[in-house]
Amino acid sequence: MTEGQLLSLAQQVVSGLSAGSIYALLALALVLIYQSTDVVNFAQGEMAMFTTFIAYTLLTWYGVPFLPAVALTLVFAFLLGYLVERVVVRPVEEAPVLSVVIVTLGLYSIFNSVAGWVWGYVPKGFPSPISGGTVWFLGLTVGLLDLWILGCGLVIMVLLHLFLRRTTLGTAMRAVAHNRTAARLVGIPVGRMLSLGWGFSAMLGAIAGMLAAPKIFLEPNMMAGVLLYAFAGAVLGGLSSPFGAIAGGLLVGVIENLLGALVATELKSGLAFFMILAMLVVRPQGLFGTVHRRKV
Amino acid sequence: MLRLEGVSAGYGRIQVLRDVSLEVSAGSIVALLGANGAGKTTTLRVISGLIRPLSGAVYFDDRRIDRLPPEAIVRLGVAHVPEGRQVFAELTVGENLILGAYCRRDRRRIPADLERVFELFPVLRERRKQLAGTLSGGEQQMLAIGRALMARPRLLLLDEPSLGLAPMVVREIFRTIRQINADGTTVLLVEQDANLALQVAHAAYVLQTGQVVLAGPAAELRRNEAIRKSYLGY
Amino acid sequence: MVGRILLTVLVICLLTAPLFINQFANFVLSRMAIYTVVALGLNLLTGYSGQISLGHGAFFAIGAYGAAIVANRLGLPWPLCILTGGLAAGLAGYLLGWPSLRLTGPYLAIATLALAVAVPQALLKFEDLTGGVQGLKLSQPQPPLGLGLAQDQWLAYICLVTAMIMVWLTVNLVRSRIGRALIALRDSEIAAQAVGVSLARFKTLAFATSAFYTGLAGGLLAYLLGYIAPDAFTLVVSIEFLTMVVIGGLASVAGSIIGAAIIVVLPLLSSNLTDYLARLLNLVGLSAIGATTKGLIWAIYGVILILVMVFLPGGLVSLYHKAKNLWARTGPVKKAGAGDRPGERG
């Protein structure tokens, strides 16, 4: 390979990592919920999109400055996730998997169409502290926006890791994910922890949405494709492993970018499908997941 | 300290306990015996709040607790070490123990209590940073008991601590149980191995198909050969 | 006895209806029949076998396009084309059945979701075969001479009779050994295998059959519309299918029919509903920018899905069963011993 080709490959990898960090954030949100409740939240992308629209409303309709708007949006997202778990998901938690899947699909429909109804389907721009521009980095021309996304993503992931590993609350949430009965016996309020988990996942989704919007433009269907790739990433990394979700998301981003140049863009979702399918057949627990032993 | 009055409980349509009444006086070790499926574990789960009784009441220090959520019961001073240990396998030993104190309001005394647990079970101190799932059966049992102790319980519920453990380990654990009791914690012990249980207990109840069929001081039950043969199996 | 009489009356009504109702009503009736076939198929997989599928829109598309392509390129008579569509979808279902052996619950849902998204894209991509964005046209079957039927009536009959045949087939399938094996699989895979039910055979069979039904329905749709395009087979269609099966009642033939009827009729009613809602909002001083009625239907579907799952997981059919139970217990002749033992939930 010539140096030029190598450089261009490296550039593709970097921008793939940037898209990947958005997939990783969303995948992380999915895995957080799945770990503690065995629920796959098919509405995760739509909730992210909805909260990003809230941010948009604060920024453009009410002229709120950037940082406070983001902060308010995160609070809103947290409350939204918390309430959704408490009101909609909790009643069907003990029900068979199908019921919960259907409920999240119902949420998908609701968020998607209400967003379309309120804000319309015309794609909108989303303000971002970093807009265009490129930077010269180790011989590569990297988009500033891409670096920003990647950087934010990494910071969030590190913060989440520290929270889960170093704080008592985070440890308690992990405990609930692994062994609910023991958590109850130790006095951890399991219901509240689950709602918290949904709240945090919604926040992660909101961040993913706000990072993605400047690049892919804000409109009600913006997260559908992202969700699919987030699934691919989560499945690739292992639905039971947060670290796997991150690794999987980043990997999917890179693969998507590399293949996008080689394969036509219309088939990218088909590609995601085959990646998911292949992974699930060959190694259902993903690269980093653990085999889920079911009690008879 | 603990009183069950006419408790009936079950899972869905299956009724396991029928009209169970028992009493545990403060400072004692009481054994709950009986064959598999007699309802011993269910009794403990009713006390710790995992299951709500269909009828009857549970009193702790004359305060009714059978409608409270598990976390409230832990805060009142009841800790339940479940059947099969149920440690948090993917957390470290240290994290397991810290979580045991999750409900505690007096957070200043937690480090001292942690020390106490390490004194009772020195092996846990060695394995502090290890993942709980990698511990041996006996060590996991110690961890589960230690975790329960971190809640500073006044009543400790133990479900089959000897299950699946080597005799030497079991002896060590029972020695520790006696020590814990001597330090002031009341113990309600569920055991299938009646011989073992009667050696440490002050009093015992025998359950059969969800009903109390026998009760009395442990010494009496130990001595009575007929009772031993028909109810306790030895 | 009463049931049989009612059933016969219903069948007669359905078979004579097309002669008396207008063109649009026949169109709606045809669509109900088509969706009933889909619902039966999806119920076989999800209700009776317990496998989640979010991708039945894909099988629908395969059936429709299979029929259309064969009709246009090979000029076969329409029954064969529809059958081909069904078989093509059935084959796809069978192929999907194999990887599904290793997938359960959420994983299967994700995989089928990916399929549902991938197929419309493939339809757009392979233009030579599928006509791309423009879609394909089909010549609709002409009513046979001498019967004096209009086109819409003939189409309605084709759909109705097909649906009735499929209902009859399904009822028998469910009662047979195969049906019992599927139910056993749903309730406990491990236990079923322990008594000798071959997991591989039945899971793939369930997928293949379910896909076949849906493909058949797709073929019918192609002829009913005379035209198909990729945007009729998006993810929302898969969600629509799941909704109707859930509303009607899982693992129930009657439920499939009811759910299909509701799903077809609901969009017709709800356009009024959303106009009403928009006017309501205007009264309060708010206005919605993108107040397209189409958009809000999906919110309504979503709310219905959630409400049904929370309050009536058995679907509408379970209401009937509950009413029946209530009648049995409080009606004129109270059966002795029904739910009278203490500690037992009645």
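(A) Molecular detail of the overall build of chain B. Within chain B one finds 10 helices and 10 strands. Taken over C-alpha atoms, the radius of gyration comes to 17 Å for chain B, in line with the 17 Å a tight globule of 234 residues would show. The dimensions of chain B, computed from C-alpha atoms along their principal axes, are 45 × 40 × 30 Å. Residues counted as buried form 56% of the 234 residues belonging to chain B. Residue pairs at least 24 apart in sequence account for 66% of intrachain contacts in chain B once pairs closer than 6 positions are excluded. Accessible surface for chain B amounts to roughly 10300 Å². Of this, 47% is attributable to carbon and sulfur atoms. Charge-centre separation for chain B: the mean point of 31 positive side chains lies 3 Å from the mean point of 24 negative side chains.

(B) Just the overall build of chain C, in detail. Looking only at helices and strands, chain C has 14 helices and 2 strands in total. The proportion of buried residues among the 346 residues of chain C is 49%. Partitioning the intrachain contacts of chain C with sequence separation of at least 6 by distance along the chain shows that 79% fall at a separation of at least 24. Just so you have it, chain C exposes about 16600 Å², and 68% of that area is on carbon and sulfur atoms.

(C) Highlighting the side chain of Thr42 of chain B. On the secondary structure map, Thr42 of chain B appears in helix H1 (residues 40-48). Not counting the four nearest positions on each side in its chain, Thr42 of chain B is found in contact with Tyr11, Val16, Leu17 and Ile51 of chain B.

(D) Looking closely at the confidence of the model for chain B. In the predicted model, chain B carries a mean pLDDT of 88, and the fraction of residues at 70 or more is 98%. Within chain B, helix H10 (residues 225-232) of chain B has the poorest average pLDDT of any element, 71, and strand S7 (residues 155-159) of chain B the best, 93.

(E) Structural context of the nonpolar core. Counting 182 residues, the largest nonpolar core has Phe42 of chain A together with Ile34, Phe60, Phe233 and Met244 of chain C as the members making the most contacts within it. Considering every element that reaches this core, the biggest residue donor is helix H1 (residues 3-37) of chain A, with 14 residues. Once residues within four sequence positions are removed from consideration, Phe233 of chain C is found in contact with Gly57, Phe60, Ala61, Ala64, Tyr65, Pro120, Leu123, Leu221 and Ile228 of chain C.

(F) Highlighting the side chain of Ser201 of chain A. Position of Ser201 of chain A among the secondary structure elements: in helix H8 (residues 190-216). In contact with Ser201 of chain A, not counting residues within four places along its chain, are Ala29, Leu32, Ile33 and Gln44 of chain A.

(G) Inspection of the pattern of salt bridges at higher detail. Counting across every chain of the model gives 17 salt bridges over all chains. One salt bridge connects Arg180 of chain A with Glu93 of chain A, and the closest N-O pair in it is separated by 3.8 Å. Of this pair, Arg180 of chain A sits in helix H7 (residues 180-186) while Glu93 of chain A sits in the loop between helix H3 (66-89) and helix H4 (97-119), and the two are 87 residues apart along the sequence. Residues Glu160 of chain B and Lys40 of chain B are paired through a salt bridge, measuring 4.0 Å at the closest nitrogen-oxygen approach. Pair noted here: Glu160 of chain B is in the loop between S7 and helix H7 (167-182) and Lys40 of chain B is in helix H1, with a separation of 120 residues, a long-range link. This pair shows no difference in class: Glu160 of chain B is buried, exactly as Lys40 of chain B is. Ionic contacts of the salt-bridge type, sharing partners, join the residues Arg104, Asp106, Arg109, Asp113 and Arg152 of chain B into one network.

(H) Layout of the environment of Thr51 of chain A. With respect to the helices, strands and loops of the structure, Thr51 of chain A is situated in helix H2 (residues 44-61). For Thr51 of chain A and Gly125 of chain A, which are 74 residues apart along the polypeptide, the C-alpha to C-alpha distance reads 15 Å.

(I) Up close: a nonpolar patch on the surface. Residues and elements named next belong to chain C. Where nonpolar side chains cluster on the molecular surface, the patch consists of Leu15, Val161, Ile165, Trp168 and Leu169 and spans about 460 Å² of accessible area. Looking at the nonpolar patch, the element that brings in the most residues is helix H7 (residues 151-175), giving 4 residues. In this structure, Val161 sits in helix H7.

(J) The arrangement of the pairing of strand S3 (residues 29-34) of chain B in detail. All names here are of chain B. Within S3, 6 of the 6 residues are buried, which leaves it mostly tucked inside the rest of the structure. Burial along S3 is two-sided: the face carrying Ile29, Ala31 and Leu33 and the face carrying Val30, Leu32 and Gly34 are both buried. Judged from the 5 bridges that link them, S3 and strand S8 (residues 186-191) form a sheet pairing that is parallel. Counted as the bridge partner of Ala31 is Leu189 from S8. Of the pairings in the sheet, the one linking S3 to strand S9 (residues 203-208) comprises 5 bridges and is parallel in character. Opposite Val30, over in S9, you have Ala203 as the bridge partner.

(K) Layout of unusual backbone geometry. Residues and elements named next belong to chain B. Unusually for a residue other than glycine, Asp62 sits at a positive phi of about 65 degrees. Mapping Asp62 onto the fold places it in the loop between strand S4 (55-60) and strand S5 (63-64). Since its relative accessible area comes to 61%, Asp62 is described here as exposed. Positive phi, normally seen in glycine, also occurs at Gln86, with a value near 55 degrees. The partly exposed category is assigned to Gln86, whose relative accessible area is 28%.

(L) View of the packing of aromatic side chains. Scanning the model with the defined rule gives 17 aromatic pairs over all chains in all. Within the aromatic cluster, the residues linked to one another by ring pairs are Phe50, Phe53, Tyr56, Phe111 and Trp119 of chain A. One cation-aromatic arrangement involves Arg3 of chain B over Tyr59 of chain B; the distance from NZ or CZ to the ring centre is 4.6 Å.

(M) Local environment of the confidence of the model for chain C. All names here are of chain C. Considering every residue of chain C, the mean pLDDT works out to 80; 84% of them sit at 70 or more. Confidence, read as mean pLDDT per element, is least for helix H9 (residues 189-194) in chain C (66) and greatest for helix H3 (residues 56-74) (91). Contacts of residues 334-346 to residues separated by more than four positions or lying in other chains number 9 contacts, the stretch itself having pLDDT below 50. Reported confidence for the predicted complex is 0.85 by ipTM and 0.83 by pTM.

(N) Looking closely at the sheet that holds S5 of chain B. Residues and elements named next belong to chain B. The sheet built from 4 strands is open, its strands ordered S2-S1-S4-S5 with antiparallel pairing. Each edge of the open sheet carries a strand with a single partner, namely strand S2 (14-24) and S5. Two strands pair when backbone bridges link them, and strand S1 (residues 2-11) and S2 are joined in this way by 7 bridges, in the antiparallel orientation. The residue bridging Arg3 from the neighbouring strand is Glu23, located in S2. Seen against the sheet, H1 touches S1, S2 and S4 and runs at an angle of roughly 110 degrees to S1.

(O) Summary view of H1 of chain B. Among the 9 residues of H1 of chain B, 8 are classified as buried, and the element is accordingly described as predominantly covered. Within two residues after H1 of chain B, Gly49 of chain B carries a phi angle of roughly 95 degrees, on the positive side.

(P) Summary view of the state of the cysteines. Enumeration according to the criterion identifies 0 disulfides over all chains in this entry. Cysteine Cys159 of chain C is unpaired, with the sulfur of Cys81 of chain C as its nearest cysteine sulfur at 15 Å.

(Q) Inspection of the sheet that holds S7 of chain B at higher detail. Residue and element names in this part refer to chain B. Read across the sheet, 6 strands follow the order S6-S7-S8-S3-S9-S10 without closing on themselves; strand pairing throughout is mixed. Strand pairing shows two members of the sheet lacking a second neighbour, strand S6 (78-81) and strand S10 (211-217), which therefore form its edges. The mean angle between the axes of side-by-side strands here comes to 15 degrees, regardless of whether they run parallel or antiparallel. Note: S7 against S8, 5 bridges, orientation parallel. Counterpart to Leu158 in the pairing with S8 is Leu189. Strands S3, S6, S7, S8 and S9 of the sheet are contacted by H1, whose axis makes an angle of about 150 degrees with S7.

Conventions we followed
Residues numbered from 1 in each chain as written. Chains lettered and ligands numbered in written order. Predicted model: local features only at pLDDT ≥ 70, side-chain atom pairs only at ≥ 80, totals over all residues. Heavy atoms only, no water. Helix = DSSP H or I, 4+ residues; strand = E, 2+ residues; numbered from the N terminus. Rg over C-alpha atoms; globule rule 2.2 N^0.38 Å. Buried < 20%, exposed > 50% of the residue type's maximum accessible area, 1.4 Å probe, protein only. Contact = heavy atoms within 4.5 Å. Areas by Shrake-Rupley, 256 points an atom, 1.4 Å probe, with all protein chains shown as cover. Lys, Arg positive; Asp, Glu negative; His and termini not counted. Charge placed at Lys NZ, Arg CZ, Asp CG, Glu CD. pLDDT = per-residue confidence, 0-100. Core = buried A, V, L, I, M, F, W, Y, C linked by side-chain atoms within 4.5 Å. Salt bridge = Lys/Arg side-chain N within 4 Å of Asp/Glu carboxyl O. Patch = residues over 30% accessible without salt bridge, like charges linked within 9 Å, V, L, I, M, F, W, Y side chains within 5 Å. Pairing = 2+ DSSP bridges. Phe/Tyr/Trp six-rings, centres within 6.5 Å; stacked < 30°, edge-to-face > 60°. Lys NZ or Arg CZ within 6 Å of the ring centre and 35° of its normal. Axes fitted to C-alpha atoms, helices over the stretch in contact; angles between N-to-C directions. Disulfide = S-S within 2.5 Å.

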